[in-house]
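# Summary of the model geometry
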Amino acid sequence: MPSAPGSPGIPPRWTSSAKSGIGTAPSAASHVWFTLSHGIFNEIYYPDVDWACTRDMGFIVTDGTRFFSEEKRHAQHELTRLAPGVPAFRLTNTCDQGRYRIEKLIVASVRHDAVLQETHFTPLIGTLDEYHLYILLAPHLGNHGSGNTAWIDEYKGVPMLFAQREDSALALACSAPWLARSAGYAGVSDGWQELERDKHLTAQYERAENGNVALTGEIDLGACNGVFLLSLGFGRDASKAGYRALAALREGFESARGAYIGGWQAWQRSLPREDRESPGNHELHRVSANVLRIHESKNFASGMIASLSIPWGFSKGDNDLGGYHLVWPRDLVEAAGGLIAVGAIADARRVLQYLTVTQNGDGRWPQNMWLDGMPYWTGVQMDETAFPILLVDLLRRLRHEDALTPDDIKYLWPMVRRAAAYIARNGPGTQEDRWEENAGLSPFTLAVEISALLAAADIAELHDEPEIARYLRETADDWNDDIERWTYVVDTELARDLGIEGYYVRIAPLAVSEAASPHGGYVPIKLAAPAAHIDGPAGLVVSPDALALVRFGLRAPDDPRITNTVKAIDALLRVELPYGPGWRRYNGDRYGEHVDGSPYNGDGVGRCWPLLTGERAHYELAAGHVDRAKELLRVMEASANESGFIPEQSWDGPPMPALELWPGRPSGSAMPLVWAHAEYLKLCRSIADGSVFDTPLQTMQRYVVQHTASPFVGWRFNLKRRTMPAGKTLRLELLSPALVHWSTDDWQTTTDTMTRDTGVSVHVADLDARALAPGSTVTFTFYWTEADKWEGVNFSVVVE
């Protein structure tokens, strides 16, 4: 057999993100994850959940002369589960012309790194001997469609199809004989080209080297009477992949199915909340719990990626996975909250183990990372450092046998301390908001940071660190007092149009710092501009993010500023879908399909996010509108596809059947989205409990019940305030020890105050300005004791 011509093939692309099935074996022995869409396998992952190894694998049917049918394009697809709520599937693909039916039963091997597909081919017109059936497999090993090598060979005398790229390999074995096999370059010499043109394999190639390759094999339907088993094995090299493919094939489908389904059912029975009456759809509840578990790594325990999909994958190549095969600390903690909501406490606790290992030395976590903790993007999101603290607090407060013990808290305290210290040193502004797009002060990020500081303070007290606890609470109070100054705008054109006083903006933009101290330990970063001073379009950018102030217990749901913002959110972002309202992320969002339905390519129009429906339902529940929360629960359920998968975004434009876009149905974005399923599970739990189950207790008591205010006004190099309210103490917060030389009468008299260490690498000096009349000015500078240098610049704060 000759080598295939046409190297390296056409540029590789991934495939549809609209998954109808995902699965993995419920055991640590198997390291394969699969996805399904349009009636066939899509990405299959090995050796971990962040490492895609195939584009797709499906059948082509011909009659050898005129008829050509590719099941993913030319058949109607039906998917059912082999057992209720279990990620084992039956795919039934019926030819559009009514000529054949292909039924597939799909599981992953529990014992081997392989996926199994039992196939039943049934002629609906004519007889079996009138048809030719070909399997077409597109390897994309190691997250790459380029650089793959495919070839035809045997393992222990068993003919197989092989592919390898670097240290990832696959092997496809079949229980029925092969009538023909070929390896080629995609778009040039692959089997699809020949079958579409000639209706049979006119040429068979032995090898396609270093390119975008495809493997094709014809199954001997007569020898198996149309019933056969395919086993796709994986390994670090071809022999290991061949071994696993053959081992799973010899094990047989029935044995593999029994072990697979039994393992998943055992896990489901371990969830106490599965047995309770839930306000949600019981099947979707089970599917959502499975989605979280399936996205978990087996090599890096409880590392979970954002989605087993590639948004708009059919338009994306090797270098554009979109960040969804990565761990996002925020999404990971949200997923842990979903697991807690269904009673999978032990699974949620494993998330903490993962977080303790992947925390950076400076206390934060990467914006996103591979499963081994290596950063991918380089942004800084303060909420991603705060969320792990809140997870510790939530598990600590549980009344459950698996809740954190005092010994657990002792083990976790160093992680919490480092994270709280990072927030205290670098907050409250963030380089990126929760959508990873803009820098500034965001109501959402502020809510998470402040909640985390209070939670960390409680844990500090448990470890006899009263000074740290006091400083963290004082910092939280100070930032809480300033939320409106930073992010609430009044008397804008939008506010006047809506007849409201004002609203919280999505994010207060940042201005570049004019003078960061070279001696104070700060890197020059960006300064937050008070939102009340925003001019132009920035003051009109509204987001449901502001509802986090209620979700995290910082503001009452009936606070007029919150209700005003709800009116602004609904005026700008609410969209009526066929089954109820949906909400977009913010006005001006460009992450989504274009108006004509073409895929997002760095630009587009942001669509409705079902997880925002869940967040809005949580707000309604907090406000006492239980029936409204239940209505929105139904809306969230209606956003799921036929398999119960909740998408990242729902299409909210006109119908475009040619692009598979229908109002209210999933767009081409990620599906399933782990965060969305976690939010659904938490909403079911919250409605069942009659209250928002993950609202921190500290914030609610401190700010909504007690209305605690801060006696301090903070000044720091990354947030230099120019004014302060009367009757407050001015607190200077530095990253290095210093002597503060200050005056309240234009240097006629002066005072020197040494900073004190708070225990979290922040050094503070409190300047008593409580007696100063409005219009007075506090002027100060610094002598840096470690550097033995004066700052050389005076700073001033005016009493309002």
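Anything mentioned here points back to the structure above.
Residues numbered from 1 in each chain as written. Predicted model: local features only at pLDDT ≥ 70, side-chain atom pairs only at ≥ 80, totals over all residues. Heavy atoms only, no water.

### A word on the overall build of the protein chain
Along the backbone of the protein chain there are 19 helices and 33 strands. On C-alpha atoms alone, the protein chain measures out to a radius of gyration of 29 Å, which is about the 28 Å that the 2.2 N^0.38 rule sets for 800 residues. Projected onto its principal axes, the C-alpha coordinates of the protein chain cover approximately 105 × 55 × 50 Å. Within the protein chain, the proportion of its 800 residues that are buried is 63%. Within the protein chain, contacts between residues at least 6 apart in sequence are counted, and of these 69% link residues at least 24 apart. Total accessible area on the protein chain stands at roughly 28100 Å², and carbon and sulfur atoms take up 50% of it. Averaging the coordinates of the 74 positive side-chain charges in the protein chain and doing the same for the 102 negative ones gives two points 2 Å apart. (Helix = DSSP H or I, 4+ residues; strand = E, 2+ residues; numbered from the N terminus. Rg over C-alpha atoms; globule rule 2.2 N^0.38 Å. Buried < 20%, exposed > 50% of the residue type's maximum accessible area, 1.4 Å probe, protein only. Contact = heavy atoms within 4.5 Å. Areas by Shrake-Rupley, 256 points an atom, 1.4 Å probe, with all protein chains shown as cover. Lys, Arg positive; Asp, Glu negative; His and termini not counted. Charge placed at Lys NZ, Arg CZ, Asp CG, Glu CD.)

### Quick look at the pattern of salt bridges
Per the counting criterion, the structure on display carries 58 salt bridges. Between Lys-19 and Glu-43 there is a salt bridge, and its shortest N-O distance comes to 2.5 Å. Residue Lys-19 is found in the segment before strand 1 (21–24), and its partner Glu-43 is found in strand 3 (residues 40–45); the two are separated by 24 residues along the sequence. Since its relative accessible area comes to 0%, Lys-19 is described here as buried. (Salt bridge = Lys/Arg side-chain N within 4 Å of Asp/Glu carboxyl O.)

### Digging into the layout of surface pockets
Gaps left between atoms show up when a probe the size of a water molecule is rolled over them. By volume, the largest pocket is sized at about 1200 Å³. What lines the largest pocket is a set of 41 residues, and nearest its centre among them are Ser-16, Ala-18, Ser-37, His-38 and Glu-660. Among the elements that take part in the lining of the largest pocket, strand 6 (residues 75–81) stands out by supplying five residues, more than any other. For the lining of the largest pocket, the residue count by class is 14 nonpolar, 16 polar and 11 charged. (1 Å grid on protein atoms, 1.4 Å probe; cavity = no way out; pocket = protein on both sides within 12 Å on 5 of 7 lines; lining within 4 Å. Points joined across faces, edges and corners; volume = space filled by probe spheres on them. Nonpolar A, V, L, I, M, F, W, Y, C, P; charged D, E, K, R; others polar.)

### Some remarks on the packing of aromatic side chains
Under the definition given, this model contains 33 aromatic pairs. Judged by centre distance (5.1 Å) and plane angle (85°), the ring pair of Trp-715 and Phe-780 falls under edge-to-face. One end of the pair, Trp-715, is in strand 24 (residues 712–716); the other, Phe-780, is in strand 31 (residues 777–784), with 65 residues separating them in the sequence. On the accessibility criterion, Trp-715 (1% relative accessible area) is buried. (Phe/Tyr/Trp six-rings, centres within 6.5 Å; stacked < 30°, edge-to-face > 60°.)

### With respect to the environment of Asn-290
If you trace the backbone, Asn-290 turns up in helix 6 (residues 282–294). We classify Asn-290 as buried; its relative accessible area is 3%. Linking Asn-290 and His-31, residues 259 residues apart in sequence, is a C-alpha distance of 17 Å. With residues up to four places along the chain from it excluded, the contact list for Asn-290 reads Gly-85, Val-86, Pro-87, Trp-264, Trp-267 and Gln-268.

### A look at the sheet that holds strand 30 (residues 763–768)
Reading across from one edge, 24-26-30-29 is the order of the four strands in this open sheet, with mixed pairing throughout. Two strands close off the open sheet at either side, each with one partner strand: strand 24 and strand 29 (756–757). Where strand 29 lies against strand 30, two bridges are found, and the strand directions are antiparallel. Each residue of the ladder has a partner; that of Asp-757, found in strand 30, is His-763. Seen against the sheet, helix 12 (residues 466–487) touches strand 24, strand 26 (729–734), strand 29 and strand 30 and runs at an angle of roughly 90° to strand 24. (Pairing = 2+ DSSP bridges. Axes fitted to C-alpha atoms, helices over the stretch in contact; angles between N-to-C directions.)

### Quick word on the environment of Pro-406
For Pro-406, the location among the structural elements is in helix 10 (residues 406–426). Looking at Pro-406, the relative accessible area reads 69%, which means it is exposed.

### Regarding the packing of helix 7 (residues 329–341) against helix 18 (residues 674–689)
Viewed as axis vectors pointing N to C, helix 7 and helix 18 meet at an angle of 35°, and their least axial separation amounts to 8 Å. Pair helix 7 / helix 18 crosses with left-handed handedness. For the pair helix 7 and helix 18, contact is made by Arg-330, Asp-331, Glu-334, Ala-335, Gly-337, Gly-338, Ile-340 and Ala-341 and by Val-674, Trp-675, Ala-678, Leu-681, Lys-682 and Arg-685, respectively. (Left-handed = near helix turned anticlockwise from the far one by under 90°.)

### Things to note about the side chain of Thr-358
With respect to the element layout, Thr-358 can be found in helix 8 (residues 345–358). A residue is classified by how much of its surface remains accessible, and Thr-358, at 8% relative accessible area, is buried. Non-local contacts of Thr-358, meaning those with residues more than four positions away in its chain, are made with Trp-365, Pro-366, Met-369 and Gly-373.

### What about empty space enclosed by the protein?
In the structure shown here, the tally under the stated rule is six cavities of 30 Å³ or more. Considered as a void within the structure, the largest cavity measures approximately 310 Å³ in volume. Around the largest cavity, the lining is made up of 22 residues, and of these Glu-334, Phe-387, Phe-552, Lys-682 and Asp-694 lie nearest the centre. Those elements giving two or more residues to the lining of the largest cavity turn out to be helix 7, helix 9 (382–397), helix 14 (548–551) and helix 18. Per-element accounting of the lining of the largest cavity gives the leading share, six residues, to helix 9.

### Details of the nonpolar core
With 228 residues, the main nonpolar core has Phe-34, Phe-228 and Tyr-260 as its most contacted residues. With 13 residues, helix 11 (residues 443–462) is the largest single contributor of residues to this core. When sequence neighbours within four positions are dropped, the list of residues in contact with Phe-228 reads Phe-59, Gln-117, Glu-118, Thr-119, Leu-133, Cys-174, Ser-175, Ala-176, Ile-219 and Leu-221. Counting 21 residues, the second largest nonpolar core, distinct from the first, contains Met-724, Ala-738, Trp-742 and Val-797. (Core = buried A, V, L, I, M, F, W, Y, C linked by side-chain atoms within 4.5 Å.)

### Overview of the pairing of strand 17 (residues 227–235)
Of all nine residues in strand 17, eight are buried; the element is thus mostly enclosed. Pairing between strand 9 (residues 114–123) and strand 17: seven bridges, direction antiparallel. Paired with Val-115 across the two strands is Leu-232, which belongs to strand 17. The pairing of strand 13 (residues 168–174) with strand 17 spans six bridges and is antiparallel. Bridge assignment links Ala-173 to a residue of strand 17, and that residue is Ser-231.

### Focus on helix 8
Taking 1.5 Å per residue as the helical rise, helix 8 with its 14 residues ought to reach 20 Å, and the 21 Å between its terminal C-alpha atoms agrees with that figure. Where helix 8 is buried, its residues meet helix 5 (253–269), helix 6, helix 7, helix 9 and helix 10. (Expected span 1.5 Å × (residues − 1).)

### Structural notes on the sheet that holds strand 15 (residues 207–211)
Pairing within the open sheet is antiparallel, and its nine strands lie in the order 6-7-8-9-17-13-12-11-15. Two strands in the sheet have a free side with no partner beyond their single neighbour: strand 6 and strand 15. On average, each strand axis in the sheet is inclined to that of its neighbour by 20°, with strand direction left out of account. Pairing geometry for strand 12 (residues 158–165) and strand 13, over five bridges, is antiparallel.

### As for the pairing of strand 14 (residues 178–185)
Two faces make up the sheet, and in a regular strand the side chains alternate between them. Counting buried residues along strand 14, seven of its eight residues qualify, which places the element largely inside the surrounding structure. In this structure, strand 14 lies alongside strand 16 (residues 213–219), joined through seven bridges in antiparallel fashion. Bridge pairing in strand 16 links Arg-181 to Gly-217.

### Some words on helix 12
The end-to-end C-alpha distance of helix 12 is 31 Å, a good match for the 32 Å that 22 residues give at a rise of 1.5 Å each. Of all bends in helix 12, the biggest is about 35°, found at Asp-481. (Bend = angle between axes of the 7 residues up to and from the residue.)

### Section: the environment of Gly-6
If you trace the backbone, Gly-6 turns up in the segment before strand 1. In the structure, Gly-6 is positioned 242 residues away from Ala-248 in sequence and 34 Å away in space, judged by C-alpha atoms. Dropping the residues within four chain positions of it, Gly-6 is found in contact with Tyr-185 and Val-188.

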